[in-house]
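The residues making up each chain are set out below.
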Amino acid sequence: MTEAERRRGRDETEEERADRMWGELIQEVRVAQTGVQILFGFLLTVVFQPKYTQLTSTNQVIYIVTVVLGACATGALIGPVSLHRLVSGRRVKPQAVRLASRLTFVGLVLLLATMTSSLLLILRVATHDGYVPFLVAAVVAWYLLCWYGLPLWARRRHTSRTDR
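Below: a short report on this structure. (Residues numbered from 1 in each chain as written. Predicted model: local features only at pLDDT ≥ 70, side-chain atom pairs only at ≥ 80, totals over all residues. Heavy atoms only, no water.)

Notes on the side chain of Thr114
As for its position among the elements, Thr114 is in helix α4 (residues 93–126). Among the residues examined, Thr114 registers a relative accessible area of 0% and is labelled buried. Side-chain polar atoms of Thr114 contact the backbone oxygen of Leu110, separated by 2.8 Å. Non-local contacts of Thr114, meaning those with residues more than four positions away in its chain, are made with Leu39, Leu43, Thr66, Leu69, Gly70 and Ala73. (Helix = DSSP H or I, 4+ residues; strand = E, 2+ residues; numbered from the N terminus. Buried < 20%, exposed > 50% of the residue type's maximum accessible area, 1.4 Å probe, protein only. Polar contact = N/O pair within 3.5 Å; in protein donor to acceptor, adjacent residues only side chain to side chain. Contact = heavy atoms within 4.5 Å.)

Let's talk about the packing of aromatic side chains
For the structure shown, the criterion picks out 3 aromatic pairs. Ring geometry for Phe105 against Tyr148: centres 5.7 Å apart, planes inclined by 75°, an arrangement best described as edge-to-face. One end of the pair, Phe105, is in helix α4; the other, Tyr148, is in helix α5 (residues 132–158), with 43 residues separating them in the sequence. Residue Phe105 is classed as partly exposed on the basis of its relative accessible area, which comes to 48%. The exposure class assigned to Tyr148 is buried, which follows from its relative accessible area of 16%. (Phe/Tyr/Trp six-rings, centres within 6.5 Å; stacked < 30°, edge-to-face > 60°.)

Here's the deal with the environment of Trp22
Position of Trp22 among the secondary structure elements: in helix α2 (residues 14–46). For the pair Trp22 and Ala96, spaced 74 residues apart in the sequence, the C-alpha separation amounts to 8.6 Å.

Describing the packing of α2 against helix α3 (residues 57–87)
With their axes 9 Å apart at the nearest point, α2 and α3 run at an angle of 150° to one another. In terms of their interaxial angle, α2 and α3 are classed as roughly antiparallel. Relative to α3, α2 is oriented so that their crossing is left-handed. Contacts between α2 and α3 involve Trp22, Val29, Ala32, Gln33, Val36, Gln37, Phe40, Leu43, Leu44 and Val46 from the first element and Tyr63, Thr66, Val67, Gly70, Ala71, Ala73, Thr74, Leu77, Ile78, Pro80, Val81 and His84 from the second. Here the contact of α2 with α3 is built from residues that sort into 16 nonpolar, 6 polar and no charged. (Axes fitted to C-alpha atoms, helices over the stretch in contact; angles between N-to-C directions. Parallel < 35°, antiparallel > 145°, perpendicular 65-115°, else oblique. Left-handed = near helix turned anticlockwise from the far one by under 90°. Nonpolar A, V, L, I, M, F, W, Y, C, P; charged D, E, K, R; others polar.)

See below:
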């Protein structure tokens, strides 16, 4: 493959594209990392509150699941930083970008699960009304629309056949 054949779209080489995509990915990860780390930090304090022992066993299970999901989301969203550090200078940036992108996607799915279970727990404790599952489902639907539905729609609508 010639240099001209490798260049497309932005007229950049594979390495240039990987550099650009890496920078964009790291900016995206910074936003998600901050959110998940703050949420995870708050979650860690709950067990040390006096009211924790007053939670029903179901709510305690939801809390434990939420903490584990938060820990997994944190790991997946910090993973790209470690990946970059360990492979830096090895001339594998295009592959590292693809792997980091997958880790970030998994981290966002885990963050969605963490946010869902956090909201469920908070609303179950705050109110014992039967509408809680419906409210949580509505918020999850909103997250799905904002995080996945709209981006996938935009990708499909604005990507030409030659870009696919």
